[in-house]
Amino acid sequence: MLHGCAGAWDLHSDWMNRLQRWGYVSLLVDSFKPRGEENICSPGQSHTIQPSRRAKDAFGAKLYLESLPYVDPNRTAVMGWSHGGMATLEAVQINVPSSGPFQAAVAFYPYCTRMYILNSPLMVMIGEKDDWTPAQKCK
């Protein structure tokens, strides 16, 4: 799970609990605090930590999860919100590390800039009237 530009908050705990009830293992990757950031939502700050860098964090988390005896390495997914949704899009478009691609991806209201060939099934959840991350850009 990849948080948005405001960092990790209660929404992510709610999702972790929901996923656990559904029988999934989840891991929230904090891409900000280890890099000295708390929040990158301010104008001009949103590119402090690039989504492509966070996609690499997602693959690192994937490797960790796949090392756990109770995780099926053939059933890993990545999901992210806003800036984390952008990182999710990057994770399913970048050159895949030797660990292989994610088996699924969900991006909640990402800011879509470009879409190339995907290496994983992708679902984008976005509102048509969203004025910050316009759905039209994701078509």
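Residues numbered from 1 in each chain as written. Predicted model: local features only at pLDDT ≥ 70, side-chain atom pairs only at ≥ 80, totals over all residues. Heavy atoms only, no water.

Draft legend 1. Just the pattern of salt bridges, in detail. Counting across every chain of the model gives two salt bridges. A salt bridge links aspartate 57 to arginine 35, with the nearest nitrogen and oxygen atoms 2.8 Å apart. Placement of aspartate 57 in helix H2 (residues 51-66) and of arginine 35 in the loop between helix H1 (10-21) and H2 is noted, with a sequence separation of 22 residues between them. Given a relative accessible area of 19%, aspartate 57 falls into the buried group. Its salt-bridge partner being glutamate 66, residue lysine 62 comes within 2.8 Å of it at the nearest N-O pair. Taken together, the residues lysine 62 and glutamate 66, both in helix H2 and four residues apart, mark about one turn of the helix. (Salt bridge = Lys/Arg side-chain N within 4 Å of Asp/Glu carboxyl O. Helix = DSSP H or I, 4+ residues; strand = E, 2+ residues; numbered from the N terminus. Buried < 20%, exposed > 50% of the residue type's maximum accessible area, 1.4 Å probe, protein only.)

Draft legend 2. Region of interest: the packing of aromatic side chains. For the coordinates displayed, the defined rule picks out five aromatic pairs. Aromatic side chains tryptophan 15 and tryptophan 22 sit 6.3 Å apart centroid to centroid with 80° between the ring planes, which places their arrangement in the edge-to-face category. Where tryptophan 15 meets phenylalanine 108, the ring centres are 5.4 Å apart and the plane angle is 50°; that geometry is what we call tilted. One end of the pair, tryptophan 15, is in helix H1; the other, phenylalanine 108, is in strand E2 (residues 104-108), and 93 residues separate them in sequence. Taking the relative accessible area as the measure of exposure, tryptophan 15 reaches 16% and is therefore buried. We classify phenylalanine 108 as buried; its relative accessible area is 13%. In this structure an aromatic cluster arises from ring pairing among Trp15, Trp22, Trp81 and Phe108. In this structure, arginine 18 packs its charged tip against the face of tryptophan 15, placed 4.5 Å from the ring centre. Above the plane of the ring of phenylalanine 102 lies lysine 62, whose end atom (NZ or CZ) is 5.9 Å from the centre. (Phe/Tyr/Trp six-rings, centres within 6.5 Å; stacked < 30°, edge-to-face > 60°. Lys NZ or Arg CZ within 6 Å of the ring centre and 35° of its normal.)

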